[in-house]
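# Overview (structure and organization)
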Amino acid sequence: MDNLNLILPEIIISLSIMFLLVFGVFKKNSSNIIHNLSIFSLIIVTVLMFNNPFDNNINLFNESYKIDYLSSFMKTLTLLSGIFVLIISSRFLKICKIFQMEYSILILCSILGMFVMISSNDLIVFYLGLELQSLALYVLASFNRDNLKSSEAGLKYFILSALSSGLLLYGCSLIYGFSSSTNFNIIAETMNSHQYGLTLGIVFILVGLAFKISAVPFHMWAPDVYEGSPTSVTLFFAMAPKIAALTVFIRFLYVPFINMIDDWQTILVFLSIASMVFGAVAAIGQTNLKRLVAYSSIGHIGYTLAGLSVGTNEGIQSSIVYISIYLAMNLGLFSCLFMIKRNDQYFETIEDLSGLSKNHPLLSLSLLVILFSLAGIPPLAGFFAKFYIFKSVIEQSMYFLAIVGLLSTVIAAFYYLRIIKVIYFDKEKEKYDNDHSIWLKLSLTFSTLLILLYFIFPNKLVEIVSRINII
Amino acid sequence: MNFPILSSLILLPTIGALFLLFFKDKDNSNTVKYVALFTSFVNFLISIYLWFLFDPSTSSFQFIEDKEWLKGFVNYKLGIDGISILFIVLTTFITPLCIVSVNSTIKVKLCDFLIAILIMESLMIGVFCSLDLVIFYLFFEAGLIPMFLIIGIWGGTRRVYSAFKFFLYTLFGSVLMLVAIISIYWLSGTTDILQLYEIGIDTKYQNLLWLAFFSSFAVKTPMWPVHTWLPDAHVEAPTAGSVLLAAILLKMSGYGFIRFSLGLFPIASELFTPLVYILSLIAIVYASLVALMQEDMKKLIAYSSIAHMGFVTLGIFTITQQGIEGSIIQMISHGLVSAALFFCVGVVYDRMHSRLIKTYGGLVLVMPKYSILFMLFTLAALGLPGTSGFIGEFLILMGAFKDNFLVAVIASSGVIFGAAYMLWLYRRVVFGNLTNKDLLKIPDLNNHEKFILWFLAIPVLFFGFYPEPLINTIEISVKNLIEMYNFNLNMGMSEVQNNG
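Residues numbered from 1 in each chain as written. Chains lettered and ligands numbered in written order. Predicted model: local features only at pLDDT ≥ 70, side-chain atom pairs only at ≥ 80, totals over all residues.

### Notes on the overall build of chain A
Counting its secondary structure elements, chain A contains 20 helices and 4 strands. Taken along the three principal axes of its C-alpha coordinates, chain A extends 65 × 60 × 40 Å. Counting over 471 residues, chain A shows a buried share of 57%. In chain A, of all internal contacts separated by at least 6 residues, the share reaching a separation of at least 24 is 77%. (Helix = DSSP H or I, 4+ residues; strand = E, 2+ residues; numbered from the N terminus. Buried ≥ 20, exposed ≤ 12 C-beta atoms within 10 Å, placed from the backbone. Contact = placed C-beta atoms within 7 Å.)

### Description of the overall build of chain B
A count of helical and extended segments in chain B gives 20 helices and 2 strands. For chain B, whose C-alpha radius of gyration is 22 Å, the value lies close to the compact-globule estimate of 23 Å for 500 residues. The C-alpha extent of chain B, read off along each of the three principal axes, is 75 × 55 × 40 Å. Counting all 500 residues of chain B, 59% fall into the buried class. In chain B, the share of contacts with a sequence separation of at least 24, taken over all contacts with a separation of at least 6, comes to 80%. (Rg over C-alpha atoms; globule rule 2.2 N^0.38 Å.)

### Comments concerning the environment of D438(B)
Looking at where D438(B) falls in the secondary structure, it is placed in the loop between α18 (405-430) and α19 (447-465). D438(B) gets classed as exposed once you count the C-beta atoms within 10 Å, which come to 10.

### As for the interface of chain A and chain B
On the side of chain B, 25 residues touch chain A, which itself brings 24 residues to the contact. Looking at the side of chain A that touches chain B, the elements with two or more residues in it are α16 (361-375), α17 (381-395), α18 (399-425) and α20 (459-465) of chain A. If one sorts the elements of the side of chain A that touches chain B by residue count, α18(A) sits on top with 12 residues. Here the side of chain A that touches chain B is built from residues that sort into 19 nonpolar, 2 polar and 3 charged. (Nonpolar A, V, L, I, M, F, W, Y, C, P; charged D, E, K, R; others polar.)

### Quick word on the pairing of strand β2 (residues 74-80) of chain B
Across the 7 residues that make up β2(B), a large majority, 5, are buried. In textbook terms, the turn of a hairpin is the stretch between consecutive antiparallel strands, and for strand β1 (residues 62-70) of chain B and β2(B) this stretch comprises 3 residues, one of which, G72(B), has a positive phi near 65°. (Pairing = 2+ DSSP bridges.)

### Regarding the environment of I213(A)
With respect to the secondary-structure elements, I213(A) resides in the loop between α9 (196-212) and α10 (221-228). By C-beta crowding, I213(A) is classed as buried, having 25 other C-beta atoms within 10 Å.

### Some details on the pairing of β1(B)
One ladder, built from 6 bridges, connects β1(B) with β2(B); its direction is antiparallel. When the sheet's bridge partners are listed, E68(B) is paired in β2(B) with N75(B).

### Considering helix α10 (residues 229-236) of chain B
Think of an α-helix as 3.6 residues a turn; residues three or four steps apart then line up on the same face. All names here are of chain B. Along α10, 8 of the 8 residues are buried, which leaves the element largely enclosed by surrounding structure. Regarding α10, the residues found buried are W229, L230, P231, D232, A233, H234, V235 and E236. Residues of α10 that are buried make contact with α6 (144-154), α7 (159-188), α11 (239-264) and α13 (297-318).

### Here we look at unusual backbone geometry
With omega at 5°, the peptide bond leading from V216(A) into P217(A) counts as cis. Positionally, P217(A) belongs in the loop between α9 and α10. Cis geometry marks the peptide bond from W224(B) to P225(B), where omega comes out at 5°. For P225(B), the position within the fold is in the loop between α9 (206-220) and α10. Despite not being glycine, F63(B) shows a phi value in the positive range, around 55°. Position of F63(B) relative to the elements: it lies in strand β1. A positive phi angle, near 55°, is found at H353(B), a position not held by glycine. Mapped onto the secondary structure, H353(B) falls in the loop between α14 (321-352) and α15 (363-366). On the basis of neighbour count, H353(B) is assigned to the exposed category, with 8 C-beta atoms found within 10 Å.

### So, the packing of helix α2 (residues 29-53) of chain B against helix α4 (residues 110-129) of chain B
All names here are of chain B. Relative to each other, α2 and α4 sit at 10°, their axes nearing to 10 Å. On the basis of the axis angle, α2 is roughly parallel to α4. The segment α2 lies against α4, with S29, V32, K33, A36, T39 and S40 engaging L110, C111, L114, L118 and E121. (Axes fitted to C-alpha atoms, helices over the stretch in contact; angles between N-to-C directions. Parallel < 35°, antiparallel > 145°, perpendicular 65-115°, else oblique.)

### Notes on the packing of helix α4 (residues 69-95) of chain A against helix α14 (residues 313-339) of chain A
All names here are of chain A. Here α4 crosses α14 at 0°, and the two axes come no closer than 11 Å. Judged by the angle between their axes, α4 and α14 are roughly parallel. Packed against α4, whose contacting residues are L77, S81, F84, I88 and F92, the element α14 presents S324, L327, L331, S335 and F338 at the interface.

### As for the confidence of the model for chain B
All names here are of chain B. Averaged over chain B, the pLDDT score is 87; the fraction of residues at 70 or greater is 98%. Within chain B, α15 has the poorest average pLDDT of any element, 83, and helix α5 (residues 133-142) the best, 91. Confidence metrics for the complex model read pTM 0.92 and ipTM 0.90. (pLDDT = per-residue confidence, 0-100.)

### Concerning the environment of S327(B)
All names here are of chain B. Position of S327 relative to the elements: it lies in helix α14. Residue classification places S327 among the buried residues on the basis of 28 C-beta atoms within 10 Å. Between the C-alpha atom of S327 and that of L21, which follows or precedes it by 306 residues, the distance is 39 Å. Non-local contacts of S327, meaning those with residues more than four positions away in its chain, are made with G254, V312, G315, I316 and I396.

What follows is the structure, encoded as structure tokens:
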């Protein structure tokens, strides 16, 4: 029974998914209720998460499922992003006329999948979680069925993701073949010498994971999917799957294969540098904001990977700090996107922001803060995120990575500045609507203040994260 | 000292800016202006009081504030010595004048402009009193945001290009400094400047670290060949923006050279002195020649800034008492004089909406008061004895002659060039025949402009005749800096020899 108590969050999510499905089938026009109920269940789960002590370090179900500080923290992040996505998207969905009951249920499904991924301590469990979240995401990407781009996004994501899942599964089987187990702990114990099979297996799994977090050179799907999906789904794409995949990265690389760091470190450094540089350069030419966010998220993933490639606890912690701050910035950025609408039509090109500061001074001010923070200019939160990453990178004397990373922030600053230029220096357009839901305003205020005032309390987040010790 | 006077100096303008936020959407431009002016003036009084409290007879840092900030890593540490106090007073002195000047120059979004200026003031004061590398970097970089907006929103026709150039050049320089700062943390275990002064930095890494810091300061100074952002930024920025840029932002790098390059990396500084000499001489001679050819008044003054900052870097790296004192006084004096010159250009620009020299000529007939003040600042810019400009250049050249005769001779030629382009500018604008009939209609200085220019003229003349207060304030600090420099240099040299 103790075991069940520990996985109560997962159980509650599963139960509410089933209940809401049945409820939705029998009651007509119930999307609104289901939407609210799923937010409610996520909130309950969050409360439950805090109810369990974070400091547990327990292996469940034949050591295939792990509840520890890392998993609790990452699950909380996932839950928070799920809640925020749901509360700010209902109005958007209504206006786009795609407010159906499946939406929130699918989000719950993928959150459940992410939970399984985050806690997995076994290749098979991990794969199950991965597929659960991916299947839900395929459908979500093409949720706007009547829209050509949205269907294209879903299909593209499905095909490419299936390919990468195949590679990943092949890697799993290689590792199983060479170490005779799928459990991370047992692999760690039995792995005694360098075997090429294992290295090959790691490479395949890294490819699969890199695809999920859209690291270069496995990023091709991201811009199209980000652009085509409904904006609220894009927001979800930009936040939740990254958290889960990052956790798997940490667990997979640092538990069974920490001794083979020489083998995978080079790969991670390459992925990181390629993503940082490519994300910065490719975003320059974009005109659509959602595509631009896709490229910028590629760049940001590069920084996260830089922290992971270091091979120390500080490196892991800096990556987690980075992704947490990145979530806040993304939330703010998308909240602003949701506010750019006129007569029930959303706008998403950079040109549409032209002269925004004239008619919407507060909205532009928040965008200014968020964009400068994304560019990593002090004293905003984005600077601290990068600062911790480079602090841990330089500790291991990886100067090349640090210098390339920082120089690509200069390139990246260019396209963030370009948006600010459009907002502040260009001629104004017609006014946009001001009748936003209170939740949208709240989430924008919340994230902006968090970013702006982070420097006053810089220790809180770091203290929480510093209790994550993997090695 | 319990009252955190430095923190309040930093915070007060920001609080004023926050207060201004409440005035948004309302069209009471006078109230807004008075609030901003009041805040910055109070800040000026506090800084004067600070100078009064400051004890110039000791070389140690004063008014130290030390609070834990990033746990176990960076402390929020502030403190001032004789060198920083002058820059703080300069900052708080220039800012109210900028705010007075907005009357005629800023037409749109006045409130936002004042907020940007006040936040800028906070950050600039922060740069000059931070005693931790990370805190310094934070203030140094954060200043980019308001300056970018000042140039971009209220600037001239090519403002977007200039704002981007300014931002990206400076950011590019600074990121390498960030790498160096983090490396110093891992090499020495702290980023606290006072502790670093004591334990020194591993001699093996000094050269690379020095170069990383240099890349940032050289862009900001600006030294040849990375100076090209400055003329663009100056020309396009509104008057108050140009003034802040020339008077204070450029001084951050000179301050950085003294505080960090000399203080932390003596061996590297010794090694790279020829490099700095050559770049400074190129800056002096080249920028002066370019200034001679300019047709745009603001551009001319921008190039003269580059030449003057060339003197400053030259003086700093002579590493003599006179040279460094001269550089500091030159920076203060240039802060006042270049600010005044930009205001002078602003005055005629507001009337004629042209910065081209050929638009003017014969101004003395229509604007006699303006001509007198402009004359004074022209003479101060070329370093006439009796103005503050003379003291700085004289001391720098003295230091340079002590160190290297040839360098000093070439640098002296810069003084002659300086006289040439400034006097020629003055002749073309103020004297000569009044050919442009539109000039007949323009009025002489109004009260605001008179106020600004006289307030700048007083210290220029005062310190020209009586530089004692300045020299007294910095003397002990500079002496201590040089002693520490020589001590660390000898220590490092013997260490290198032992290793070799």
